[in-house]
Amino acid sequence: MTSLLASVAYETWILHFLVLGPVAGMIHVLASPAERAKRIALGWSVAVFAASTGLWWAFEPGAGFAFRFATPWISLWGVEYALGLDGISLFMVLLSTLTTPVVVLASFRYVATRQKAFYALVMLLAAGVSGVFLATDVFLFYVFFELTLVPMYFIVGIWGGERRIYAAVKFFLYTALGSLLMLVAILYVYFSAGTGSFSYEAFLAADLTLTEQLWLFAAFAAAFAIKVPVFPLHTWLPDAHVEAPTPGSVVLAAVLLKIGAYGFLRFLLPLFPDAVQHPAVTATMLALGTAGIVYAAWVAAVQPDAKKLVAYTSVAHMGFVVVGVFALTVNGLQGGLMVMLSHGVSTGALFLLLGMMYERRHTRRIEDFGGLARVAPLFSTAFVITALASIGLPGTSGFVGEFLALLGLFERHPVVAAVAATGVIFAAYYMLPMVQKILFNELDKPENRSFPDLSRREAVVLAPLVALMIWVGVHPAPFLERMGPSVEAVLEQVDRDAGVLLEAVEPGVGAALEQVEPGTGAVLEQVSQSAIGAVSPPPASDDIARAAERDATATGNTGQASRGAAEPGAGGRETPERRP
Amino acid sequence: MPSSSSSGATAPFADPASSALSEAAALPVQQAAVWEPFLPWMVVLLPLLGFVANGLLALVSATRSAAAVRAGGTEDSLSLDGGRPRTHRWPTYIGPGVMIAAFLLAIVNFAGMLGADLHEPVVAGPYWTWLATSSLRIDVALHLDQLSMIMMLVVTGVGSLIHVFSVGYMRDDPGYPRYFAYLNLFVFFMLVLVLGAGYPLMFVGWEGVGLCSYLLIGYWFADREKADAGKKAFIVNRIGDFGFLLAMFLLFDNIGALDFVSVFEGAEAAFSDNRALVTTATLLFMLGAAGKSAQVPLHVWLPDAMAGPTPVSALIHAATMVTAGVYVIARSSALFALAPASQAVVAGIGALTALLAATIALRQYDIKKVLAYSTVSQLGFMFLAAGVGAYTAAVFHLVTHAFFKALLFLGAGAVIHSLHHAFHETGSKADAQDMRNMGGLRAKMPVTWAVMGIATLAIAGVWPLAGFFSKDEIIWYAGAWAGAPGNANGSWYVVFWVVALATALLTAFYMTRLMVMTFHGRSRLGDAEQRHVHDSPWVMRAPLIVLAVLSVAGGLLNVPESLRVLVFGAAPFEWLHHWLEPVTHAAAEIQVAGMGEAAHQSPVGGGELTWALISTVAALAVVGGAFAVLRKRLYRTAAEDADPRTGLALALERKWYFDEAYDRAVVRPVLALSRWCWKIVDGIVIDGFVNLAAALARLAGWTTSLFHTGQVNTYAFVLALGVLAVLGAVYLP
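Rules of the game
- Residues numbered from 1 in each chain as written.
- Chains lettered and ligands numbered in written order.
- Predicted model: local features only at pLDDT ≥ 70, side-chain atom pairs only at ≥ 80, totals over all residues.
- Heavy atoms only, no water.
- Helix = DSSP H or I, 4+ residues; strand = E, 2+ residues; numbered from the N terminus.
- Buried < 20%, exposed > 50% of the residue type's maximum accessible area, 1.4 Å probe, protein only.
- Contact = heavy atoms within 4.5 Å.
- Areas by Shrake-Rupley, 256 points an atom, 1.4 Å probe, with all protein chains shown as cover.
- Lys, Arg positive; Asp, Glu negative; His and termini not counted.
- Charge placed at Lys NZ, Arg CZ, Asp CG, Glu CD.
- Salt bridge = Lys/Arg side-chain N within 4 Å of Asp/Glu carboxyl O.
- Polar contact = N/O pair within 3.5 Å; in protein donor to acceptor, adjacent residues only side chain to side chain.
- Nonpolar A, V, L, I, M, F, W, Y, C, P; charged D, E, K, R; others polar.
- Axes fitted to C-alpha atoms, helices over the stretch in contact; angles between N-to-C directions.
- Parallel < 35°, antiparallel > 145°, perpendicular 65-115°, else oblique.
- Left-handed = near helix turned anticlockwise from the far one by under 90°.
- Core = buried A, V, L, I, M, F, W, Y, C linked by side-chain atoms within 4.5 Å.
- Patch = residues over 30% accessible without salt bridge, like charges linked within 9 Å, V, L, I, M, F, W, Y side chains within 5 Å.
- pLDDT = per-residue confidence, 0-100.

Student: Please clarify how the overall build of chain B should be interpreted in this entry.
Tutor: Each helix and strand in chain B was counted, giving 25 helices and 3 strands. Oriented by its inertia axes, the alpha-carbon framework of chain B measures out at about 120 × 75 × 55 Å. Across the 733 residues of chain B, 59% fall into the buried class. Taking contacts inside chain B between residues at least 6 apart in sequence as the whole, the part at least 24 apart equals 81%. In the form shown here, chain B has an accessible surface area of approximately 27,100 Å², with 67% of it arising from carbon and sulfur atoms. Between the centroid of the 43 positive side chains of chain B and the centroid of its 47 negative side chains there is a distance of 13 Å.

Take a look at the structure:
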């Protein structure tokens, strides 16, 4: 496979094609008659996806970006059209290139009006999303980031439900507000770096004080947290999901939410390491992530509208991403990425299934269904597998991410992990009643007796997603292997100067936070302790002494040996760096 | 497939006194295992293949019947009269076929292990790497030792019998292929649970069997009550799974690995200075075990689980899945031995569960509910055994219980099947599971009566049946540990001992009641129904007879020296104990080092033989007395039985109000909280802020728009004011 790819000079053109292919598709759609729009869009999106699968083989796991390319764009400001791919963006790109043809195919019947505009917007969205994940120039990233906003706004606003205008405007204002804050922060870093370049490396090299980092962190975090969305900035999401047409919901859940979490990994952690490690910041993010997991699960459980229910489960899932990322451990970050991937597949599939129900019955209310398993066995089978993947049953994709994220979190903050892990209980609490009310129980509504099972097209739409859920659940190692080095590189960036951190630890912060969120105070104590431990000689506590004894062969002399103990010989890789 | 042996999991505990120093390097070198397992992965794979094949047939069949439903018919319109369709013929061979093949393969491996004198576990695989990050690696591999071998034999052996029985029991069910698909899938996950080479893989099986339990309890999903029961089982089980997950995290955090070999090797070194950690970890495992094995207070799902088809109750909710909790504790014995407090909790929960469930069983009328509470109670016995460190006794009772309880459930299934048929033929609406509607069935179903009678005597603990030996051993150890010199909680163990004795007598009573109400006394069936009641066809009768033989002879697996006189020396001395020794000796040594040897007599004196005789005489007395009294009693049918219950009878019929208490204390508050979060927090607080911000923005826009009057005069005036203001700011000081 690799030689085949090399023979077509794959690495020289693939990234451009991922961004420009959909643009070409959009132009082609616009230049053709409306009745051919959907087939053209399908053709282009399948072509882009097919091309992107080569990345699985062509991408060599390693730190840093692969396939880099840069050419000046606005040379006056030092803006470049610069693309690159690493283990973090790889799966985000593949997820979005897979989502596009699925969405296009799923829209064949759903979208009946203004087809040309619709498919053109979907292609534009695909280009924007690829650009977001591939840009290695921060200004370029920002442009693509904003570019994704526009097509989504129109998709919700034109093809949406009854309250589509309210939802579209809410979506737009929420996200635009966040991204404006980010723009200001980007410009600040640009000027304080003073290199006259927006390149990712220039931003990494910027020397920022802790106070600056905290403010900039806040601005970036606002933009990304809204996008994720992190509790309590999530209320735009249920509205947007409910009002959006099925394809809109699928793209939103599968890809757009990932942009926020991707931003955490790509920008927040590496650019502002001291802020990220500031105990108050960590505590806040962990508290919000955990709150999202539990709170969104509760709210989801009482939704009468199936689509709204799934929308809230997105918030809960993304809570796992947030706690995984801010655990700042390898397992946590890898877990967060896996949750992103799995959520994209399973929640995307759930929205597709709900869309199929809506197409047949023109209702989204759970109570209007019941007993569908008797009339639509294929549909029900797909639904049950997807629901199980969503609640993280082992052997499906959902488990891998949640397990790693919680494990990584536990390594640093066991109490928070215990609270977050209640999410596995509440997941069953929101998902199973919905499954029962829709698929099981008596087939007592006459309208449902004629509910058609999956059509061949619908089966084609769902099959790859269901297959992915099981593949990732059974054999996730190749995925983790490709992400690994990039994730570790991010953590190295976070660690590069932990010394500043010590000054930031102020006594009393823990107590103050205790009032806000019970339980985080204890966490904070731990954070401060481990932070202190990272710099001062190791205290003679049993814990660390034991760890050092246990791993006497490893380089345990920095006093960082207490957590994240290495598994010798893991995958034949070198012993990983120990983390405080 | 490659297979490799690994170093002993248990060896580091050889010298518990020098706990901190016993490192891997200090291992006494043991001979390498000479035994090569024969296709162990095939045992696991076969049921999975069965699932795939039956699952595809099920989809075909369901698609056809869906078309019939859409065309205006009912599900039953899938007519079986014109010959069974292929989708309903093939599962008959595939379902039991893969099971029997797996069982034979298991026997081949067992025979191999028997001849090998194996002291260390053999790890087959790894077949592939499941999860790997730079600090974690989880391989897919199988852990083969004496304990997992016993479990593999029980799961595939009893599983095969129940699959065969199901062929008759489920014959006319429209979802026949789906049933076998789920049943095969269950066995696959159960084998992953008992054979997986580490906690994560065990957890895969753990949640997988939970899923199959959910699917099979709600097998007749069109019935809301049954679907509800499945859901309840899944959610309650997930509470336990939460504990299991955290326990794994804790182990990984302290030991750095999760496969059994590494965990048990590293446990003592990791936890010797911090017993609180290992206590927490084991208590979390206990939470998981309590969920899966229906121990108080998480037992509430199991009685409801009787909504599933009766063979499912026999396989999943009696013989195999519900014993997974006992298995995880026995498997983790080396951890539990380090945490005496956790052991006391396990024993206490076990004793409490045994007693509570037995009392509830006294006043149930649904034949399956009686058996369900009986199962909960017997599982309590197993936990009690595990809690007093008598892991052999726990596993022993697990095995014998699998025999006689599977037999009881299948026998009850035969009765229900027959009555259901009779009521269906006569158009009666009576409940075919309510024992008040039965009575006097002995004449009509002699074989069923005989095998259930054997099982009843076995569970009641009557010599020389299987339950006599296994239950007696548990009671004995509970008492014996009370007298261990170093046991700080000794007086508690006296209580456990008394509770176990009392529960044994209650068991004898409620089982006799079940037999009398079902098979003896006046028949409460109408004449028309009577004509349709008869013993089951051979495909169902044969498994009953095999299980009856096992219920009689199962006790010979582990006859202690002092009781060998009772079987005329015809059994090997404590075979199971010796067989399991390589697995349990590490825990036993830690325990003995901590507490000293168990006493060789009960808390009130008397040796094992004495108490064995006392207990069997007492059990016989209860069975005989209850039989004499109850068979004369005139029961009324469920329809006629309208007397209001009061006092204790009511409390027992209502199962000590556990469901009501959960409803008030958990279910409704969580629902109310959820609604409050949605309506108040999301709807008013957060969106309130959002809307307020929007309103403020609009207000600002409106205010500025006031100046956009469109009149030049106003603009000129404002302009002038501005100029003045700027000039003033510049020139004034």
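Student: In this structure, what is going on with the interface of chain A and chain B? I would like to understand it.
Tutor: Accessible area lost when the parts come together is the quantity often used to give the size of an interface. Counting residues at the interface gives 79 residues for chain A, matched by 68 residues for chain B. Linking chain A with chain B are 1 salt bridge, by the criterion used here. Here Lys 170 of chain A and Asp 687 of chain B are joined by a salt bridge, their closest N and O atoms 2.9 Å apart. One can count 22 residue pairs in polar contact (both at pLDDT 80 or more) joining chain A with chain B. Ranked by residue count, the leading element in the side of chain A that touches chain B is helix H20 (residues 414-439) of chain A, at 14 residues. Each residue belonging to the side of chain A that touches chain B can be placed in one class, and the counts come to 50 nonpolar, 15 polar and 14 charged.

Student: Explanation requested: the side chain of Ser 313 of chain B in the structure shown.
Tutor: Its location among the elements puts Ser 313 of chain B in helix H10 (residues 310-319). Look at Ser 313 of chain B and you get buried, because its relative accessible area is 0%.

Student: Teacher, can you tell me more about the packing of helix H16 (residues 330-361) of chain A against helix H19 (residues 397-412) of chain A here?
Tutor: Helix packing geometry: the angle between the two helix axes and the distance between the axes. All names here are of chain A. Closest axis-to-axis distance for the H16/H19 pair is 7 Å, and the angle between their directions is 155 degrees. With respect to their mutual orientation, H16 and H19 come out roughly antiparallel. Like other packed secondary-structure pairs, H16 and H19 cross with a definite hand, here left-handed. On H19, the residues touching Asn 331, Gly 332, Gln 334, Gly 335, Gly 336, Met 338, Val 339 and Ser 342 of H16 are Ser 397, Gly 398, Val 400, Gly 401, Glu 402, Leu 404, Ala 405, Leu 407, Gly 408 and Glu 411.

Student: Looking at this structure, how should I read the side chain of Ser 342 of chain B?
Tutor: Tracing the chain through its elements places Ser 342 of chain B in helix H13 (residues 340-361). If we skip the residues at most four places from it in the chain, Ser 342 of chain B touches Thr 279, Thr 282, Leu 283 and Phe 336 of chain B.

Student: Where do I start with the pattern of salt bridges in this structure?
Tutor: Close approach of charged atoms allows side chains of opposite charge to pair. Summed over all chains, the structure comprises 22 salt bridges over all chains. A salt bridge links Asp 663 of chain B to Arg 668 of chain B, with the shortest nitrogen-to-oxygen separation between them at 3.0 Å. By relative accessible area, Arg 668 of chain B is classed as partly exposed at 48%. One network of salt bridges, with partners in common, ties together Arg 163, Lys 170 and Asp 239 of chain A together with Asp 687 of chain B.

Student: Would you mind going over the nonpolar core with me for this structure?
Tutor: A general tendency of soluble globular proteins is for nonpolar side chains to be buried together. Membership of the largest hydrophobic core comes to 457 residues, with the highest contact counts inside it found for Leu 269, Phe 326, Phe 379, Phe 383 and Phe 403 of chain A together with Tyr 199 of chain B. Looking at this core, the element that brings in the most residues is helix H15 (residues 391-426) of chain B, giving 22 residues. With near-sequence residues (within four places) excluded, Leu 269 of chain A lies in contact with Phe 264, Val 276, Val 325, Phe 326, Leu 328, Leu 333, Val 490 and Val 494 of chain A. Judged by nonpolar contacts, the second largest core, of 5 residues, contains Ala 460, Val 462, Ala 508 and Ala 619 of chain B.

Student: I would appreciate a short explanation of the packing of helix H3 (residues 146-169) of chain B against helix H11 (residues 324-331) of chain B in the present structure.
Tutor: Residues and elements named next belong to chain B. Interhelical geometry of H3 versus H11 gives an angle of 165 degrees and a closest axis separation of 11 Å. Classified by the interaxial angle, the pair formed by H3 and H11 is roughly antiparallel. Where H3 crosses over H11, the two elements pack in a sense that is right-handed. Contacts between H3 and H11 involve Leu 147, Ser 148 and Met 151 on the former and, on the latter, Tyr 327, Ala 330 and Arg 331. Of the residues that constitute the contact of H3 with H11, the class distribution is 4 nonpolar, 1 polar and 1 charged.

Student: Help me understand a nonpolar patch on the surface, please; the structure alone is not making it clear to me.
Tutor: On the surface, Leu 673, Trp 676, Ile 680, Ile 684, Val 685, Phe 689, Leu 692, Leu 696, Leu 699, Trp 702 and Leu 706 of chain B cluster together into a nonpolar patch covering about 1,100 Å² of accessible area. Along the chain, the position of Leu 706 of chain B falls in helix H24 (residues 658-707).

Student: Can you help me understand the confidence of the model for chain A in this one?
Tutor: Parts of the model with low pLDDT should not have their predicted coordinates read in detail. Residue and element names in this part refer to chain A. Looking at chain A, pLDDT values average 83 and 86% of them are 70 or higher. Here helix H25 (residues 509-516) is the element of chain A with the lowest mean pLDDT, 41, and helix H18 (residues 377-390) is the one with the highest, 94. Across residues 499-580, where pLDDT falls below 50, the model places 109 contacts with residues more than four positions away in sequence or in other chains.

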